[in-house]
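Here are the chains, one letter per residue:
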Amino acid sequence: MAINFRNTRFIALAAKIDQCPNLTDDNGNPLPEIVMSGKSNVGKSSLINAMSDNKKLARVSGTPGKTRAVIYFNCDKKMLIADLPGYGYARVSREAKESFSKLADDYFTCGRNISLVLNLIDIRHEPSKEDIGMLEYLNSTNTPYFVVFTKCDKYSRAQLNKRIQELDQEYKFDESAKIFTISSQTKAGISDLTAAIAEELSL
């Protein structure tokens with residue numbers, strides 16, 4: 001794998017779309033951007049720390065919804081990671097949409113060079129309308145994405161397989177959907193995920 005995830009550093013925090021950085025490689029081409037989406041407290045910061053093997057890189061908050069800005073990381077000068085606040089963007093009911101940050105709502109329609117979305121879902125919880133709405137939006141816009149189930153260390157291998165089958169029935173995943181089960185705490189599944197990211201982006 002040519003990209004070194006350990007060489008990841010914090011570069012910017014953007015509270016407004018016009019504050020979002022646009023980085024290029026040595027040839028002046030825009031860096032591919034990975035967007036981390038998911039409900040508050042699903043483990044986005046913990047996943048960034050696990051992928052980079054640096055527990056202090058991304059601040060992990062115990063207070064859901066505390067982050068109100070997009071947090072950016074430069075990964076090996078080859079890829080941009082954008083950690084979105086709140087949930088993300090979804091065309092769902094007004095009640096659900098009102099719970100999202102406007103910044104996150106606007107992010108997917110502002111012309112960013114989004115190459116891949118990591119849509120994180122807590123495997124312990126039943127699907128919410130926000131989770132379903134986000135996947136429906138990604139499917140409807142043909143946005144490349146991985147489904148990443150977090151907190152998987154809470155299950156044995158047999159329990160995990162059974163749980164995935166249950167959630168497959170709930171979400172009705174497309175046969176081509178790329179699904180990963182990870183634990184940021186034990187690092188289970190992290191190397192598979194980073195390898196798939198590198199392959200997806202040809203890095």
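Our subject is the structure listed above.
Residues numbered from 1 in each chain as written. Predicted model: local features only at pLDDT ≥ 70, side-chain atom pairs only at ≥ 80, totals over all residues. Heavy atoms only, no water.

K.L.:
When you look at the sheet that holds strand 5 (residues 114-122) in this model, what are you seeing that I'm missing?
P.N.:
Within a sheet, each strand pairs with its neighbour through backbone hydrogen bonds, oriented either parallel or antiparallel. The strand order across the open sheet formed by seven strands is 1-3-4-2-5-6-7, and the pairing between neighbours is mixed. Edge positions in the sheet fall to strand 1 (8-14) and strand 7 (178-181), since each has one partner strand and no second. Neighbouring strand axes in the sheet, compared pairwise and without regard to direction, differ in orientation by 25° on average. Relative to strand 6 (residues 145-150), strand 5 runs parallel, the two sharing six bridges. Note on strand 6: the bridge partner recorded for Val117 is Tyr145. In this fold helix 4 (residues 129-140) packs onto strand 2 (33-38), strand 5 and strand 6, with an angle of close to 160° to the strand it touches most, strand 5. (Pairing = 2+ DSSP bridges. Helix = DSSP H or I, 4+ residues; strand = E, 2+ residues; numbered from the N terminus. Axes fitted to C-alpha atoms, helices over the stretch in contact; angles between N-to-C directions. Contact = heavy atoms within 4.5 Å.)

K.L.:
Would you explain the pattern of salt bridges in this entry?
P.N.:
Close approach of charged atoms lets side chains of opposite charge pair. Applying the stated criterion across every chain, the model contains 11 salt bridges. The residue Asp76 makes a salt bridge to Lys78 at a minimum N-O spacing of 3.8 Å. Overall, Lys78 belongs to the partly exposed group, its relative accessible area being 30%. We note a salt bridge from Glu166 to Arg163, for which the minimum N-O separation is 3.2 Å. Of this pair, Glu166 and Arg163 both sit in helix 5 (residues 157-171), three residues apart, which is roughly one turn of the helix. By relative accessible area, Arg163 is classed as buried at 7%. Through salt bridges with shared partners, one network takes in Arg6, Asp53 and Lys187. (Salt bridge = Lys/Arg side-chain N within 4 Å of Asp/Glu carboxyl O. Buried < 20%, exposed > 50% of the residue type's maximum accessible area, 1.4 Å probe, protein only.)

K.L.:
Explain the pairing of strand 5 to me, please; I cannot follow it from the model alone.
P.N.:
Looking along a regular strand, one sees side chains alternate from face to face of the sheet. In terms of burial, strand 5 is a largely internal element, eight of the nine residues being buried. Examined bridge by bridge, strand 2 and strand 5 share six bridges and lie parallel to one another. Within strand 5, the position partnered with Val35 by the bridge is Val117. Between the parallel elements strand 5 and strand 6, the chain passes through helix 4 in a crossover that is right-handed. (Right-handed = clockwise from strand over helix to strand, strands pointing away.)

K.L.:
How should I be thinking about the packing of helix 1 (residues 44-52) against helix 6 (residues 190-200) in this particular structure?
P.N.:
The geometry of a pair of packed helices is captured by two quantities: the angle between their axes and the separation between those axes. Following both chains from N to C, one finds helix 1 and helix 6 inclined at 85°, their axes separated by 10 Å at the closest point. Regarding the angle of helix 1 to helix 6, the classification is roughly perpendicular. Within the contact between the two elements, helix 1 uses Leu47, Ala50 and Met51 and helix 6 uses Ile190, Leu193, Thr194 and Ile197. The residue inventory of the contact of helix 1 with helix 6, partitioned by class, reads six nonpolar, one polar and no charged. (Parallel < 35°, antiparallel > 145°, perpendicular 65-115°, else oblique. Nonpolar A, V, L, I, M, F, W, Y, C, P; charged D, E, K, R; others polar.)

K.L.:
Which parts of the structure should I look at to understand the layout of surface pockets?
P.N.:
Gaps left between atoms show up when a probe the size of a water molecule is rolled over them. Each pocket or cavity is described by its volume, and for the second largest pocket that value is around 190 Å³. Within the residue set of the lining of the second largest pocket, elements represented by two or more residues are helix 4 and strand 6. Of the residues that constitute the lining of the second largest pocket, the class distribution is five nonpolar, four polar and three charged. (1 Å grid on protein atoms, 1.4 Å probe; cavity = no way out; pocket = protein on both sides within 12 Å on 5 of 7 lines; lining within 4 Å. Points joined across faces, edges and corners; volume = space filled by probe spheres on them.)

K.L.:
What's the story with the environment of Thr181 in this structure? I'm lost.
P.N.:
Examined against the element boundaries, Thr181 turns out to sit in strand 7. Owing to a relative accessible area of 25%, Thr181 belongs among the partly exposed residues under this scheme. Taking the C-alpha atoms as reference points, Thr181 and Leu193, separated by 12 residues in sequence, lie 8.7 Å from one another.

K.L.:
Is there a simple way to think about the packing of aromatic side chains in this case?
P.N.:
Between two aromatic rings, the relevant description is the distance of the centres plus the angle of the planes. A full pass over the atoms with the stated rule returns seven aromatic pairs. Judged by centre distance (5.1 Å) and plane angle (15°), the rings of Tyr171 and Phe173 are stacked. Judged on exposure class, the residue Tyr171 and its partner Phe173 are both buried. An aromatic cluster of at least three residues, connected via ring pairs, comprises Tyr107, Phe108 and Tyr137. (Phe/Tyr/Trp six-rings, centres within 6.5 Å; stacked < 30°, edge-to-face > 60°.)

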